[in-house]
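Fold and geometry: a report
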Amino acid sequence: QVRLVESGGGLVQTGGSLRLSCAVSGNIFRVNTVYWYRQAPGKERELVASITSGSITNYADSVKGRFTISRDNARNTMYLQMNSLKPEDTAVYYCRTSWGQDYWGQGTQVTVSS
């Protein structure tokens, strides 16, 4: 059984920082690419960042230079460090991985006030 649980969301002012965590149960974390997505009200879910099992990272243009994705294989946990937050970063953030099917977390709300 694969389960993903996000945490770390909250309310922050413009320019502030948050660190999101995604804990992945099961034995697939170490061999899998994991992803962060976000969905703002009235908008489609979009890919924010990804990290492979070999720690190769990729970012959406909108977050490059501000967000950092990382992983701790010993803890089966992925992180998203978000700095210089903007109101347009306000969204529910989800983590995802795949192993024969897609697995999603329940999401964590990030709200950036102006």
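Refer to the structure above for everything that follows.
Values in this document were obtained by computation on a predicted structure and should not be read as measured data.

Once that is clear, we can look at the overall build of the chain. A count of helical and extended segments in the chain gives zero helices and 11 strands. Ordered by position from N to C terminus, the α and β elements of the chain give β-β-β-β-β-β-β-β-β-β-β. What you see for the chain is a C-alpha radius of gyration of 13 Å, in line with the 13 Å of a compact globule of 114 residues. Overall, the chain is about 40 × 25 × 20 Å in size when its C-alpha atoms are taken along their principal axes. Contacts in the chain between residues far apart in sequence, at least 24 positions, make up 52% of those at least 6 positions apart. Positive and negative charge centroids in the chain, built from 12 and 8 side chains respectively, lie 6 Å apart.

Further remarks concern the pattern of salt bridges. Applying the stated criterion to the full structure yields six salt bridges. Note that Asp72 is salt-bridged to Arg75, the shortest N-O span being 3.3 Å. Note on Arg75: relative accessible area 60%, which makes it exposed. In this structure, Arg96 and Asp102 form a salt bridge, with 2.8 Å as the shortest nitrogen-oxygen distance. By relative accessible area, Arg96 is classed as buried at 9%. It is possible to trace a salt-bridge network through shared partners that takes in Arg38, Glu46, Arg66 and Asp89.

Conventions and cut-offs
- Residues numbered from 1 in each chain as written.
- Predicted model: local features only at pLDDT ≥ 70, side-chain atom pairs only at ≥ 80, totals over all residues.
- Heavy atoms only, no water.
- Helix = DSSP H or I, 4+ residues; strand = E, 2+ residues; numbered from the N terminus.
- Rg over C-alpha atoms; globule rule 2.2 N^0.38 Å.
- Contact = heavy atoms within 4.5 Å.
- Lys, Arg positive; Asp, Glu negative; His and termini not counted.
- Charge placed at Lys NZ, Arg CZ, Asp CG, Glu CD.
- Salt bridge = Lys/Arg side-chain N within 4 Å of Asp/Glu carboxyl O.
- Buried < 20%, exposed > 50% of the residue type's maximum accessible area, 1.4 Å probe, protein only.

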